Amino acid sequence: MGMEKVDKIINSDYELGFEVDIEEEKAPPGLSEDTIRFISAKKNEPQWMLDLRLKAYHAWLKMEEPRWAKVTYPPIDYQSISYWAAPKKALESLEEVDPEILRAYEKLGIPLEEQKALAGVAVDAVFDSVSVKTTFVEELNKLGIIFCSISEAIRDYPDLVKKYMFSVVPMTDNFFAALNSAVFSDGTFVYIPKGVKCPMELSTYFRINAQNTGQFERTLIIADEGSYVSYNEGCSAPSRDENQLHAAVVELIAHKDAHINYSTIQNWYPGDAEGRGGIYNFVTKRGLCEGENSKITWTQVETGSVITWKYPSCILKGDNSVGEFYSVAITRLAQQADTGTKMIHIGKNTKSVIISKGISAQKGQNSYRGLVKMHESATGAKNYSECDSLLIGDRCGAHTFPYLESKCESAQIEHEATTSKISEEQLFYLRQRGIKEEDAVSMIVHGFCKDVLSKLPMEFAVEAKALLDLTLEGSVG
Amino acid sequence: MSTMMKIKDLHAQIGDKQILKGIDLELLKGKVHAIMGPNGAGKSTLSKAIVGHPDVEVTKGTIVYKDKDITDWEPEERALEGIFMAFQHPVEIPGVNNAYFLRTALNAKRKHLGLPPLNAAEFLRLLKEKIKELGMREEMIHRSLNEGFSGGEKKLNEILQMEILEPDFVILDEIDSGLDIDALKKVSEAINKMRTPDRTFMIITHYRKILDYIEPDFVHVLKNGKVLKTGGIEIVDALEKEGYKIFEEV
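Here the structure is a predicted model, which is why all the values come from computation and not from measurement.

Caption draft 1: Examining the overall build of chain B more closely. Of regular secondary structure, chain B possesses eight helices and 12 strands. Long-range pairs, those at least 24 residues apart, make up 68% of the contacts in chain B with a sequence separation of at least 6. Across chain B, the mean location of the 36 positive side-chain charges is 2 Å away from that of the 41 negative side-chain charges.

Here it is in structure tokens:
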């Protein structure tokens, strides 16, 4: 589409946006009020959502990109990015897919039909995920569970969205969250009613064939009183995206006695050995333990992206509420990760656990950054943090930045940190017992990550282990 | 008597330091060979050269095992062919379950031999039988490999691995160091039970004590990177009295 036509569209009344040719894949680069009107119109959003987006946009204009993380990358030109892309056209067959990606699918043991779905190939009727999804959603509906895209939720459940969106991550929380609030493409919405235990793992897997959520994903999960949900985000299959900048926002709300398990496997394109082409991943994830005895658990296995800036956090507001963070982050090639968590203790007897495992290989740089804050009201609160780093080779690095703030005398904070190397002696010991070198490395790494992997739902853990092996293949020696 | 391993004119270095300067040694099937010698004689380097430790670079000479020249083989290939070393200082590997590790090692070996792998239940039965024989505490097999084990427990765990893997050529690198007399007896008994006409042992030690429990067929004295003397147990008696200097001018 020519610039002229675009100008015409975005300068005209935004409803005209619907006339855009359906074959068009992308909005023209650049970010302005008109871009946001364009996105909102494309998504058929109500006026109130557009107003919120515009508010976020104006706030974002006044904000500055954070520079405190231990990552370096060239300046991002926000006017050169395209902020809206239509769902991609399906490919004809797997033969059109990058062989490197196919090889990875094979190593990860992903069934053929699933490979097609992941790679964006048109799938056979047998694996029609629409029917899978329908059965699945029907079962959830019987229980009153809402599981849909955030765009649908904005249209169909405006009261819930208005009440909770921006309630945990305010639109002006930080530069990237504000950007996401203005231009978010799509994402997931989950609502679990009072007293309902969601009977299955909710996973974005069921939305594989749904439209490409794009680079500005937004997720909102609400667990009402006494409910339980386990949500799995991402998958081990390698993801490539021509959009280099990703800035997602995830908000979780756990009411009284509710428990949310949020697991992530992230394998975005990490770039080449010099980091070229890798995804920039600037994510804001935060959970609010609103009610007493509520619990939020973040578990993540991060192997992808060239730059990662991510701190899944918990605000422990309800008395006796619990926040947990279990993380494995691998950096190799020229990847840089600055990741960790924030545990904000407000309620009485709140507890938090942080287990962070960083693995660095080749030229990877891995930083743990964590804040534990005890408010005056958090009497009897407890935190335990453990940050371990494993180095493979001698060109990589590991860094730990723990921040502890306590205004409460009766609160206890315990922090442990270790850095170790996969030693020649450990490898040799296993090889002397007849175990091949790559299997020996895998065994040592799995052992190192055990405390985190054991927190993942079983099938997800199997995927994560296979992903660790694939990621570290050839990283040793 | 047939030869298990023949080491010929072996020269090896660690870093820039030449340590083995022409070792000639023949190790026989079904026999126990004790290797003695002062610190720095090259005992550890010799055992590392046999198992293919990456620190040791063989610059000259050959190691022939079961009629195959293994001088350039990968460590795991040697292990699968039946070479086993009980380490002097077994390394700790956090998070790696001891039983899981052992089953992986055993099944790697079974695969090499063309045998089907043992499943978890079959393996556990075998393992429990072995640890009972060794008088080990059962909970040790469920702990991380060597992590938090006492010195004695680590050595017993090496012996356990030997019993499970049933190697043909066993190097015991100062297995007696750090063991009290009861533990030494226990370890020696286990080793004696493993003595068969098909299995060769190479015991590296500084002390006579272990050789009272495990009687060697041959004693070799190493000094300055060479084999200085080969004989029977009588050599140990002479060493006890006079020290290593008695062999120097031979």
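Following the structure, the description resumes.
Caption draft 2: Representation of the sheet that holds strand E8 (residues 259-266) of chain A. Residue and element names in this part refer to chain A. Taking strand neighbours across the sheet as the criterion, the eight strands line up as E3-E5-E8-E10-E13-E15-E17-E19 in an open arrangement whose pairing is parallel. The two strands at the open ends of the sheet, each matched to only one other strand, are strand E3 (202-203) and strand E19 (412-421). Alignment of E8 against strand E10 (residues 295-302), held across eight bridges, turns out to be parallel. Bridging from a neighbouring strand, Ile260 pairs with Ile296 of E10.

Caption draft 3: Representation of the state of the cysteines. All names here are of chain A. Applying the stated rule across the entire model yields zero disulfides over all chains. The closest cysteine sulfur to the non-disulfide-bonded Cys289 is located on Cys314, 5.6 Å from its own sulfur. Between Cys396, a free cysteine, and Cys449, which holds the nearest cysteine sulfur, the sulfur-to-sulfur gap is 14 Å.

Caption draft 4: Inspection of empty space enclosed by the protein at higher detail. Under the definition given, this model contains seven cavities of 30 Å³ or more. For the lining of the largest cavity, the leading source of residues is strand E15 (residues 351-361) of chain A, giving five residues. When its residues are assigned to classes, the lining of the largest cavity shows seven nonpolar, 11 polar and two charged. Its volume calculated, the second largest cavity comes out at about 80 Å³. The wall of the second largest cavity is formed by Gln432, Arg433 and Gly434 of chain A together with Ala79, Leu80, Gly82, Ile83, Phe84, Ala105, Lys109, Leu165 and Pro167 of chain B. Among the secondary structure elements, those contributing two or more residues to the lining of the second largest cavity are helix H2 (75-80), strand E6 (83-86) and helix H3 (98-112) of chain B. In the lining of the second largest cavity, the residues fall into seven nonpolar, three polar and two charged.

Caption draft 5: The pattern of salt bridges, seen in detail. All names here are of chain A. Taken as a whole and assessed by the stated rule, the structure comprises 30 salt bridges over all chains. The partner of Glu65 in a salt bridge is Arg67, and the shortest N-O contact between them spans 3.8 Å. Accessibility expressed as a relative area gives 17% for Glu65, which makes it buried. Relative accessible area serves as the criterion here: at 47%, Arg67 is assigned to the partly exposed category. Among the salt bridges present, the one from Lys363 reaches Glu274, with a minimum N-O distance of 3.3 Å. Taken as a pair, Lys363 in the loop between E15 and strand E16 (365-374) and Glu274 in the loop between E8 and strand E9 (280-289) lie far apart in primary sequence, 89 residues in all.

Caption draft 6: Fine view of the environment of Asp180 of chain B. Residue and element names in this part refer to chain B. Topologically, Asp180 is positioned in the loop between strand E9 (169-173) and helix H6 (181-194). Through-space distance from the C-alpha of Asp180 to that of Gly152 is 8.0 Å; in sequence the pair is 28 residues apart. A distance of 2.8 Å separates the side chain of Asp180 from the backbone nitrogen of Ala183, its partner in a polar contact.

Caption draft 7: The interface of chain B and chain A, seen in detail. At the junction of the two partners, chain B supplies 32 residues and chain A supplies 18 residues. Together chain B and chain A conceal approximately 2100 Å² of surface at their shared face, both sides included; 65% is due to carbon and sulfur atoms. Counting across the chain B and chain A interface gives three salt bridges. One salt bridge connects Arg431 of chain A with Glu76 of chain B, and the closest N-O pair in it is separated by 2.7 Å.

Caption draft 8: Focus on the environment of Pro199 of chain A. Residues and elements named next belong to chain A. By secondary structure assignment, the location of Pro199 is in the loop between strand E2 (188-192) and E3. For the pair Pro199 and Leu140, spaced 59 residues apart in the sequence, the C-alpha separation amounts to 8.3 Å. In contact with Pro199, other than residues within four places in its own chain, are Leu140, Leu143 and Ile145.

Caption draft 9: Region of interest: the confidence of the model for chain A. Residues and elements named next belong to chain A. In this model, chain A carries a mean pLDDT of 82, and residues with pLDDT of at least 70 account for 79%. Low pLDDT (under 50) marks residues 122-132, which in the prediction has 15 contacts with non-local residues, meaning those over four places away or in another chain. Segment residues 205-213: pLDDT under 50, and 22 contacts once partners within four positions in sequence are set aside and those in other chains are kept.

Caption draft 10: Quick peek at the packing of aromatic side chains. Overall, the coordinates contain 22 aromatic pairs over all chains when judged by the stated rule. Judged by centre distance (6.4 Å) and plane angle (10°), the rings of Tyr157 of chain A and Phe189 of chain A are stacked. Pair noted here: Tyr157 of chain A is in the loop between helix H7 (150-156) and helix H8 (158-164) and Phe189 of chain A is in strand E2, with a separation of 32 residues, a long-range link. Residue classification places Tyr157 of chain A among the partly exposed positions, given a relative accessible area of 32%. Take Phe189 of chain A: its relative accessible area is 0%, and that puts it in the buried class. Ring geometry for Tyr429 of chain A versus Phe87 of chain B: centroids 4.9 Å apart, planes at 40°, classification tilted. Within this pair, whereas Tyr429 of chain A is found in helix H10 (residues 424-432), its partner Phe87 of chain B is found in the loop between E6 and strand E7 (93-97), the two belonging to separate chains. Overall, Tyr429 of chain A belongs to the buried group, its relative accessible area being 0%. For Phe87 of chain B, a relative accessible area of 8% puts it in the buried group. Among the aromatic residues, those joined into a ring-pair cluster are Tyr57, Trp60, Trp68, Tyr73, Tyr78, Phe175, Phe176, Tyr280, Phe282, Trp309 and Tyr311 of chain A. The ring of Phe184 of chain A has Arg53 of chain A sitting right over it, with the charged end atom 3.9 Å from the ring centre. A cation over an aromatic ring shows up here: Lys357 of chain A above the ring of Phe448 of chain A, its NZ or CZ 5.1 Å from the ring centre.

Caption draft 11: Region of the structure containing the pairing of strand E12 (residues 226-231) of chain B. All names here are of chain B. Sheet analysis places strand E11 (residues 218-223) next to E12, joined by five bridges and oriented antiparallel. Of the residues in E12, the one forming a bridge with Val219 is Gly231. Hairpin connection between E11 and E12: a loop of two residues separates the two successive antiparallel strands, and Asn224 in this loop has a positive phi of roughly 50°.

What counts and what doesn't
- Residues numbered from 1 in each chain as written.
- Chains lettered and ligands numbered in written order.
- Predicted model: local features only at pLDDT ≥ 70, side-chain atom pairs only at ≥ 80, totals over all residues.
- Heavy atoms only, no water.
- Helix = DSSP H or I, 4+ residues; strand = E, 2+ residues; numbered from the N terminus.
- Contact = heavy atoms within 4.5 Å.
- Lys, Arg positive; Asp, Glu negative; His and termini not counted.
- Charge placed at Lys NZ, Arg CZ, Asp CG, Glu CD.
- Pairing = 2+ DSSP bridges.
- Disulfide = S-S within 2.5 Å.
- 1 Å grid on protein atoms, 1.4 Å probe; cavity = no way out; pocket = protein on both sides within 12 Å on 5 of 7 lines; lining within 4 Å.
- Points joined across faces, edges and corners; volume = space filled by probe spheres on them.
- Nonpolar A, V, L, I, M, F, W, Y, C, P; charged D, E, K, R; others polar.
- Salt bridge = Lys/Arg side-chain N within 4 Å of Asp/Glu carboxyl O.
- Buried < 20%, exposed > 50% of the residue type's maximum accessible area, 1.4 Å probe, protein only.
- Polar contact = N/O pair within 3.5 Å; in protein donor to acceptor, adjacent residues only side chain to side chain.
- Buried area = accessible area lost by both parts, 1.4 Å probe.
- pLDDT = per-residue confidence, 0-100.
- Phe/Tyr/Trp six-rings, centres within 6.5 Å; stacked < 30°, edge-to-face > 60°.
- Lys NZ or Arg CZ within 6 Å of the ring centre and 35° of its normal.

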